[in-house]
Amino acid sequence: MREVVNFRNQVSRTVQSVFIKDKSKRTRTFKKPTFKMTEYASNVAEIAIKEVADQTSKYAEVGADKVFDNKLLEAARKFNYLAMEEADFIFMRDRMGRELAEWATAKGYTIEQLKNDSALLEQGKAYAMEQGLKATFRDANALTTAINSLRAKGKIWDMAIVSVVPFAKTPVNIARRGFDYSPLSFARTLTTELKQLKQGKISAGQFVDRLSEGFTGTMIMTLGYFLAKMGIVKSGSDEDRKESAYRKSIGEQDYSIKIGDKTYTLDWLAPSSIPFFTGVTLFEGMDIEDFNDIWPVLASMEKLLDPITEMSFLQSFNNIMSSYSDNKLAGVFSSMLLAYAGQFFPTLGGQIAKTIDPTRRITTSTARGYEKKVNQQINYLLSKIPGYSFLLEPYVNVWGEEEINTSFENRLMENFAYPFWISENKKTEVDKEILRLYESYGNVSVLPGIANSYYTVDGVRIDMTEKEYTEFKKKVGKFSYENLDNLFKSNFYKNLTDEEKEKAIEKVYSYARDYAKGGNNKAYLVSKALGANKENMYAYYYIQLQSIEGTKDKDGNTIYNSKKKNVINFIEAQKLNKAQKHILFALAGYNNTTDKEESFAYIDSLKDLTAEQKQALKELCSYSK
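Note that the coordinates shown come from a computational prediction; the quantities given were computed from them, not determined experimentally.

**Focus on the environment of Glu433**
- Within the element layout of this structure, Glu433 appears in helix α22 (residues 429-441).
- Judged by its relative accessible area of 15%, Glu433 is buried.
- The spatial distance from the C-alpha of Glu433 to the C-alpha of Val446 is 9.9 Å, given a sequence separation of 13 residues.
- Polar side-chain contacts of Glu433 include one of 3.0 Å to the side chain of Arg436.

**Focus on helix α13 (residues 241-249)**
- What α13 keeps buried is the set Glu243, Ser244, Tyr246, Arg247 and Ser249.
- Buried positions along α13 lie against α22.

**A word on the packing of helix α2 (residues 35-51) against helix α7 (residues 118-135)**
- As a packed pair, α2 and α7 sit with axes 11 Å apart at the nearest point and diverge in direction by 75 degrees. One way to sum up the angle between α2 and α7 is to call them roughly perpendicular. Only Leu121, Lys125 and Met129 of α7 make contact with α2, whose side of the interface consists of Tyr40, Val44, Ala48 and Ile49.
- Looking at the contact of α2 with α7, its residues break down into six nonpolar, no polar and one charged.

**A closer look at the nonpolar core**
- Ile434, Leu484, Leu545 and Leu617 are the most contacted members of the largest nonpolar core, which has 67 residues in total.
- With eight residues, the single largest contributor to this core is helix α25 (residues 498-517).
- With sequence-adjacent residues up to four places away left out, Ile434 is seen in contact with Tyr246, Trp399, Val446, Leu447, Pro448, Leu484, Phe488 and Tyr509.
- In this structure, Tyr40, Ala45, Ala48 and Ala101 belong to the second largest nonpolar core, which totals 23 residues.

**Some words on helix α27 (residues 538-547)**
- Burial analysis of α27 places eight of its 10 residues in the buried class, which makes it a mostly covered element.
- The set of residues buried in α27 consists of Tyr538, Ala539, Tyr540, Tyr541, Tyr542, Ile543, Gln544 and Leu545.

**Examining the sheet that holds strand β1 (residues 233-234)**
- The strand order β1-β2-β3-β4 describes an open sheet built from four strands, whose pairing is antiparallel. What marks the edges here is a single partner per strand, and that holds for β1 and β4 (422-424).
- Note: strand β2 (residues 256-259) against strand β3 (residues 262-265), four bridges, orientation antiparallel. Bridged to Ile257 within β3 is Tyr264.

**So, the packing of aromatic side chains**
- By the definition in use, this model includes 17 aromatic pairs.
- Consider the rings of Tyr264 and Phe420, whose centres lie 5.5 Å apart with planes at 80 degrees: the pair is edge-to-face. With Tyr264 in strand β3 and Phe420 in the loop between α21 (408-416) and β4, the pair connects residues that are 156 residues apart, well separated along the chain.
- Judged by its relative accessible area of 22%, Tyr264 falls in the partly exposed class.
- Taking NZ or CZ as reference, Arg360 lies 3.8 Å from the ring centre of Tyr395, over its face.
- Arg461 extends its terminal NZ or CZ atom over the ring of Tyr454, reaching a point 3.7 Å from the ring centre.

**A short note on a nonpolar patch on the surface**
- On the surface, Leu348, Ile352, Ile356, Phe390, Phe408, Leu412 and Phe416 cluster together to form a nonpolar patch covering roughly 600 Å² of accessible area.
- For Phe416, the position within the fold is in helix α21.
- A residue is classified by how much of its surface remains accessible, and Phe416, at 40% relative accessible area, is partly exposed.

**Topic: the packing of α13 against α22**
- Between α13 and α22, the shortest axis-to-axis distance is 12 Å and the interhelical angle comes to 150 degrees. Between α13 and α22, the angle falls in the class roughly antiparallel. As for the relative orientation of α13 and α22, their crossing is left-handed in sense. Counting all contacts with α13, which are made through Glu243, Tyr246 and Arg247, the residues of α22 involved are Asp431, Ile434, Leu435, Tyr438 and Glu439.
- Residue composition of the contact of α13 with α22, by class: four nonpolar, no polar and four charged.

**Considering unusual backbone geometry**
- Phi is positive for Asp458, which is not a glycine, with a value near 55 degrees.
- Mapped onto the fold, Asp458 is located in the loop between β5 (454-457) and β6 (460-463).
- Residue class for Asp458 comes out exposed when judged on its relative accessible area of 80%.
- Here the phi dihedral of Asn561 falls at roughly 65 degrees; this positive angle occurs in a residue that is not glycine.
- Here Asn561 shows up in the loop between α27 and α28 (562-572).

**Topic: the side chain of Lys473**
- Along the chain, Lys473 falls in helix α23 (residues 466-489).
- For Lys473, which is buried and forms no salt bridge, the nearest opposite charge comes from Glu393, at a distance of 7.4 Å.
- Look past the residues within four positions of Lys473 in its chain and what remains in contact with it is Ile362, Val396, Gly400 and Ile450.

**Examining the pattern of salt bridges**
- One pass over the full model with this rule turns up 37 salt bridges.
- Residues Arg13 and Glu102 are paired through a salt bridge, measuring 2.6 Å at the closest nitrogen-oxygen approach. Of this pair, Arg13 sits in helix α1 (residues 2-19) while Glu102 sits in helix α5 (residues 71-107), and the two are 89 residues apart along the sequence. Residue Arg13 shares its accessibility class with Glu102, and that shared class is buried.
- With its nearest N and O atoms 3.8 Å apart, the salt bridge here joins Lys517 to Asp514.

Calculation rules
Residues numbered from 1 in each chain as written. Predicted model: local features only at pLDDT ≥ 70, side-chain atom pairs only at ≥ 80, totals over all residues. Heavy atoms only, no water. Helix = DSSP H or I, 4+ residues; strand = E, 2+ residues; numbered from the N terminus. Buried < 20%, exposed > 50% of the residue type's maximum accessible area, 1.4 Å probe, protein only. Polar contact = N/O pair within 3.5 Å; in protein donor to acceptor, adjacent residues only side chain to side chain. Contact = heavy atoms within 4.5 Å. Axes fitted to C-alpha atoms, helices over the stretch in contact; angles between N-to-C directions. Parallel < 35°, antiparallel > 145°, perpendicular 65-115°, else oblique. Nonpolar A, V, L, I, M, F, W, Y, C, P; charged D, E, K, R; others polar. Core = buried A, V, L, I, M, F, W, Y, C linked by side-chain atoms within 4.5 Å. Pairing = 2+ DSSP bridges. Phe/Tyr/Trp six-rings, centres within 6.5 Å; stacked < 30°, edge-to-face > 60°. Lys NZ or Arg CZ within 6 Å of the ring centre and 35° of its normal. Patch = residues over 30% accessible without salt bridge, like charges linked within 9 Å, V, L, I, M, F, W, Y side chains within 5 Å. Areas by Shrake-Rupley, 256 points an atom, 1.4 Å probe, with all protein chains shown as cover. Salt bridge = Lys/Arg side-chain N within 4 Å of Asp/Glu carboxyl O. Left-handed = near helix turned anticlockwise from the far one by under 90°. Lys, Arg positive; Asp, Glu negative; His and termini not counted.

Okay, structure coming up:
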């Protein structure tokens, strides 16, 4: 925020020096204040800030009352509160002192004039205080006042509001600054504030300051637009949740910038990040092939509001409402309880837990209904206890891989030093082909997804435990990736049309889920029979076997028995043992009676299959056609 304010001030100095000839109406100047003026202004600022410290505090919500009965926790909380207040005090004193010194220098006032004219000094202090409060998000506003009035009505009101907006003043003011530093603020400046200027309620210098805010925000938005055009920044989540989850699994992050093979989140730069990502969203919305189609155009215009709703105090409200789409009241009530319980689980504990644990963990639950949401909230709270996170299930991406950060130094820096999160690009050749098809045709079915925590067998629903679900996701993801990797490299795939490629990919995902179910499923049994090195090749083989056709004669008629010969030729070309080839031959739907005994002996030797599963595989091999 400091650099944005400094840029705003430079713009204002330029405009005021050119257009405001009367020095008494200026608030800014390129003339550097003297050392004595700067020192005097700093002392005035320090005294002024101490006088209004309690009224302007943005941490008052956590500083006043006792929260923890445990003396150690309460002492740590108080220390954290005082540390935040002191840091804000130092920054605000610096900003207010510099603003007061520049204000006096711009108008040509001396220290003696300020000392001898209390009204003049109060005018300068009021202006500098306003700038200092705005720069530290401590300025009063009607919404914060209303929110705190509601909180004062009782414990229930207090819990309800805290669950949505834990700290009212800061997030509300960040949202206000996001508006101030945006093209939208021009409308307010050229209407309401222009009227105030004519009425003498604000000076010409103050008017130019506010006009400069809009100009600065426009410049920031323009920067976001062109960086998006260069392809190095990304705005919020895609509307399709499957696409959003997939892009995150390959290293993309919302509201981030790409540098080399890594992305760094920029949402922490609020409020300047709001106009910046408005520019990014504007480019993404304008990147439409057909502007004659009104619906994509309207959708893109609607997305312009995303940076405001997703990067301000409205985000908490949005999260609650979207998480409980079926019952909003239940969402608010649950969030109230979670916020109250969260007071006993400091954020520091969660940071320590993530630092000592190299594996990314999840707090989701495989339970159903309301029990699922309660379990997830409990897991979230317990994840803040160092050591407990090791008991939570690992995060598994769409390709069945756990996310592990082996560098202790990186984990330490991300949780305690860096304001941003870092993600490494994990895009493989498989991902590139999938994205090529998706971005060309928009068919979501070509994207890999996270499997459901349940499946059906003969119409009966099977719900998995958290641990079973983790293994299921690993099997589905690994099967999908390895089959697609081999499929994409094959000449067979390269000769398909894009539409046929999409259908082949969809089949791989379907077979992957079948394989992960285990039991007597054909995909699972044949995969196990193919052996450790070829276990995840079922879809690769089966898709090609289904595509084989008979040879045509010169008249276009299929030659008798030519399809069977083509199937045999394909199977014989594979690097498999004789029994495995017989099993593939059966998979293609042909009689295996010639070498049945040899195939059965091989099946009996498979250690991963039960007696029932071996019998099911033998029945498959006895299939005749």
